[in-house]
Amino acid sequence: MAMNSTNISATPGSVEVKGYVRKRAQMALVRKEKLYALIDEASFDETGQDIGDILILDTISKAMADLAARTFKRSQSFASVEAWDPKVFRLTKTDRRKFLDATPSLDTHTWLELTVCEPGEGALTLMPVVLGTGADDLPQGSDDPTTILPKIRRVSGRNAEALDTLAMLAGLEESTEQAIQEEVDRALPKSEFQARVAVYDVGQANCNAVIDSDFQPLVYFDMGWPWSRYTTPPTKPDLLQQENPAPVLLSHWDFDHWSFALEKTGSNGNGLKVKNDALNRFWIARKPLVKEHKLGPSHIAFAIELLKKKKLLIWPENIPSIATYHIQLFACKPPIGSGLPNDRNNNGLAMLVLRATGNILLTGDADYSAITGHLQNKCATENLHGMVLPHHGGALKTPPPELPYGQYAHAVVSSHPANTYGHPRADELIKCMSAGWQLSFTMNAHITCGRTTIIPFGCTENCPGKQYNACRLEVYGVTKNWIGGVHVHCEALEKRLPTKKFQCQIKI
């Protein structure tokens, strides 16, 4: 048999054989594995600025993406997509600048094509990021790095359109207002009920819940976990073990707001493994509205798993808010002329927990003004006694709600001291305190009174620390980018009161 006049039956080691082998090697190089990638929003701060020392790539193999696109085109069903194995990487510090110089677009909505290659001079190294709570159980370096050629191409034309169809959850049917209302109402008591809110310590992430008097979650607002193992909390909360699985209202599709649902996902073909207990409950979320909101391959994978179980309810875009027992849900939207970025943060969902003694606002990463005008009127502000600070205490365009003089109100910041974003920002905390808000921090949960995963908005009547002004806040060591030594403590512990176990709960 001949191939381009080269006789492969020639003597081994001959020029003809060497030429054939070299040509086959060149052809193999051309056919090297290709990856489609989006730069993940975790690579930027809340203002959209490159934070300087991390770059996260959410990727899927080209072959797998092309097959999924063909499958979806035939079936028009996300649940029919079987093979979808995303891989998340970060650039090493030495190669990060080379990547930025080589990439044709530095944003979170342009698809890039990467070519995998053997390690060698000029190759860029991608370090695997293992997502999910199981990542902490893996030894450092348990996943091998991947190397790519320093030639990065923008994906365009039909390939980009096919990827965007998946990334925008195109064609996915919206749920009805009634369906969402019924699912949330089913989880909440119908009788008179004083709702409480838990703010769980999940490190540099967000997870809140409406809880009952036994501290059991009834409805979650986010169920996040950090993408970096360096910003996980000292104790892993047990969020999924309920007899009646609590539904999750997802503020928006960022890793640190939903990835507690993951067992783990790695870069060596392990695949994205979602916990069964996360798939046995409904998740309520919005679809991406514009290209700036499109989902990366890992977020798509999670949505596909929920859709296969028929556990994803898509918010109806013609409905600005939905009222349920004890809860009001809002679709966030940046006001025209507000200067807010039109990103996922400001186009998600927010929750207002309704209480006779004062409402509690759960914000996700949305700026105050992106949460609809229902919260901007005087009546709502006067009755607002608690909130979780937006975006882990990051920079905001809008000041916090001003409180009437003397009104007690409490705000919680969900963050981890080792994060690279500078959260919480000193200026934002000062704005909150100036507006009358008292502050607590989840990163100090392990030294508060009560359960390690709950930050108190105040103690219960039977807390022995109550008479000593328990759970007061001390802030010291303010610097330009960081609040050092924020300490939420219970004086009951310091005064060595009787050691019987007691708990604090959020009770405003």
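Described below are features of the structure shown in this document. On a predicted model such as this, the values are computed, not experimentally measured, just so you know.

## Description of the overall build of the chain
Within the chain, the regular secondary structure consists of 11 helices and 26 strands. Residues counted as buried form 57% of the 508 residues belonging to the chain. Considering only residue pairs separated by 6 or more positions, the chain has 72% of its internal contacts joining residues 24 or more positions apart. Split by element, the accessible area of the chain, about 22200 Å² in all, is 50% carbon and sulfur.

## Some details on the environment of Gly393
Along the chain, Gly393 turns up in the loop between strand E22 (384–388) and strand E23 (410–413). In this structure, the C-alpha to C-alpha distance between Gly393 and Arg425, residues 32 residues apart in sequence, is 5.9 Å. The contacts of Gly393, once residues within four sequence positions are left out, are Val413, Pro424, Arg425 and Glu428.

## A few points about the pairing of strand E6 (residues 112–115)
Burial of the side chains of E6 extends over both faces: Leu112 and Leu114 are buried on one face and Glu113 and Thr115 on the other. Pairing analysis gives 4 bridges linking strand E3 (residues 34–39) to E6, with the strands arranged antiparallel. The residue bridging Lys34 from the neighbouring strand is Thr115, located in E6. Two strands pair when backbone bridges link them, and E6 and strand E9 (residues 153–154) are joined in this way by 2 bridges, in the antiparallel orientation. Bridge pairing links Glu113 to Arg153 in E9.

## Side note on empty space enclosed by the protein
Per the stated rule, a full pass over the model turns up 4 cavities of 30 Å³ or more. Roughly 100 Å³ of volume is contained in the largest cavity. Residue lining of the largest cavity: 14 residues in total, with Trp253, Arg286, Lys287, Asn347 and Gly348 positioned closest to the centre. Here the residues of the lining of the largest cavity are counted per class, giving 6 nonpolar, 5 polar and 3 charged.

## Points about the sheet that holds strand E4 (residues 56–61)
Within the open sheet, the 7 strands sit side by side as E8-E7-E5-E4-E3-E6-E9. Their pairing is antiparallel. Only two strands of the sheet have a single neighbouring strand rather than two, namely strand E8 (146–148) and E9. Strand direction decides the pairing type here: E3 and E4, joined by 5 bridges, are antiparallel. Within the sheet, the bridge partner assigned to Tyr36 lies in E4 and is Ile60. On top of the sheet, helix H2 (residues 62–75) reaches E3, E4 and E6; it is set at about 65° to E4, its chief contact.

## Points about the nonpolar core
Among the nonpolar cores identified, the biggest contains 63 residues, and Trp84, Tyr200, Tyr220, Met223, Trp253, Trp283 and Leu312 are the most heavily contacted of them. Ranked by residue count, the leading element in this core is helix H8 (residues 297–308), at 7 residues. Within the second largest apolar cluster, 28 residues are counted, among which are Val199, Ile284, Ile319 and Ala331.

## So, the side chain of Asp256
Positionally, Asp256 belongs in helix H6 (residues 255–258). Of the side chains bearing the opposite charge, Arg344 lies closest to the buried Asp256, which forms no salt bridge; the N-O distance is 7.7 Å. A distance of 3.0 Å separates polar atoms of two side chains, one belonging to Asp256 and the other to His392. Residue contacts for Asp256: discarding those within four places in its chain leaves Gln204, Ala205, Asn206, Gly224, Trp225 and His392.

## Quick look at the packing of aromatic side chains
Per the stated rule, a full pass over the model turns up 7 aromatic pairs. An angle of 50° between the planes, with centres 4.6 Å apart, marks the rings of Phe72 and Phe78 as tilted. Judged by relative accessible area, Phe72 falls into the buried class, the value being 6%. Under the relative-accessibility criterion, Phe78 is labelled buried at 4%. Between the aromatic rings of Trp225 and Phe260, the centroid separation amounts to 5.5 Å while the plane-to-plane angle is 70°, which identifies the pairing as edge-to-face. Taken as a pair, Trp225 in the loop between strand E12 (217–221) and strand E13 (248–249) and Phe260 in the loop between H6 and strand E14 (262–265) lie far apart in primary sequence, 35 residues in all. Pair check on accessibility: Trp225 and Phe260 agree, each one buried. Here the aromatic cluster, defined as three or more aromatic residues joined through ring pairs, consists of Trp253, Phe255, Trp258, Trp283 and Phe302. Lying over the aromatic face of Phe282, Lys311 brings its terminal NZ or CZ to 4.4 Å of the ring centre.

## Here's the deal with unusual backbone geometry
In this structure, Pro424 follows His423 across a cis peptide bond, with omega equal to -5°. In this structure, His326 takes a positive phi of about 70° despite not being glycine. With respect to the helices, strands and loops of the structure, His326 is situated in the loop between strand E18 (321–324) and strand E19 (327–331). Although it is not a glycine, His391 adopts a positive phi angle of roughly 50°. Structurally, the position occupied by His391 is in the loop between E22 and E23. Classification of His391 as buried rests on a relative accessible area of 10%.

## Some remarks on helix H4 (residues 157–167)
In an α-helix, one turn spans 3.6 residues, which is why side chains three or four residues apart end up on the same side. Among all positions of H4, only Ala160, Leu163, Leu166 and Ala167 are buried. Buried residues of H4, seen end-on, are gathered within an arc of 120° and therefore sit on one face of the element. Turned more than 90 degrees from where H4 packs its buried face, Arg158 and Glu161 sit exposed. Packing partners of the buried residues in H4 comprise E3, H2 and H8.

## Observations regarding the environment of His410
Along the chain, His410 turns up in strand E23. On the basis of relative accessibility, which here comes to 3%, the residue His410 falls in the buried class. With 29 residues separating them in the primary sequence, His410 and Leu439 have C-alpha atoms 5.9 Å apart.

Definitions and cut-offs
Residues numbered from 1 in each chain as written. Predicted model: local features only at pLDDT ≥ 70, side-chain atom pairs only at ≥ 80, totals over all residues. Heavy atoms only, no water. Helix = DSSP H or I, 4+ residues; strand = E, 2+ residues; numbered from the N terminus. Buried < 20%, exposed > 50% of the residue type's maximum accessible area, 1.4 Å probe, protein only. Contact = heavy atoms within 4.5 Å. Areas by Shrake-Rupley, 256 points an atom, 1.4 Å probe, with all protein chains shown as cover. Pairing = 2+ DSSP bridges. 1 Å grid on protein atoms, 1.4 Å probe; cavity = no way out; pocket = protein on both sides within 12 Å on 5 of 7 lines; lining within 4 Å. Points joined across faces, edges and corners; volume = space filled by probe spheres on them. Nonpolar A, V, L, I, M, F, W, Y, C, P; charged D, E, K, R; others polar. Axes fitted to C-alpha atoms, helices over the stretch in contact; angles between N-to-C directions. Core = buried A, V, L, I, M, F, W, Y, C linked by side-chain atoms within 4.5 Å. Lys, Arg positive; Asp, Glu negative; His and termini not counted. Salt bridge = Lys/Arg side-chain N within 4 Å of Asp/Glu carboxyl O. Polar contact = N/O pair within 3.5 Å; in protein donor to acceptor, adjacent residues only side chain to side chain. Phe/Tyr/Trp six-rings, centres within 6.5 Å; stacked < 30°, edge-to-face > 60°. Lys NZ or Arg CZ within 6 Å of the ring centre and 35° of its normal. Arc of directions from axis to C-beta.

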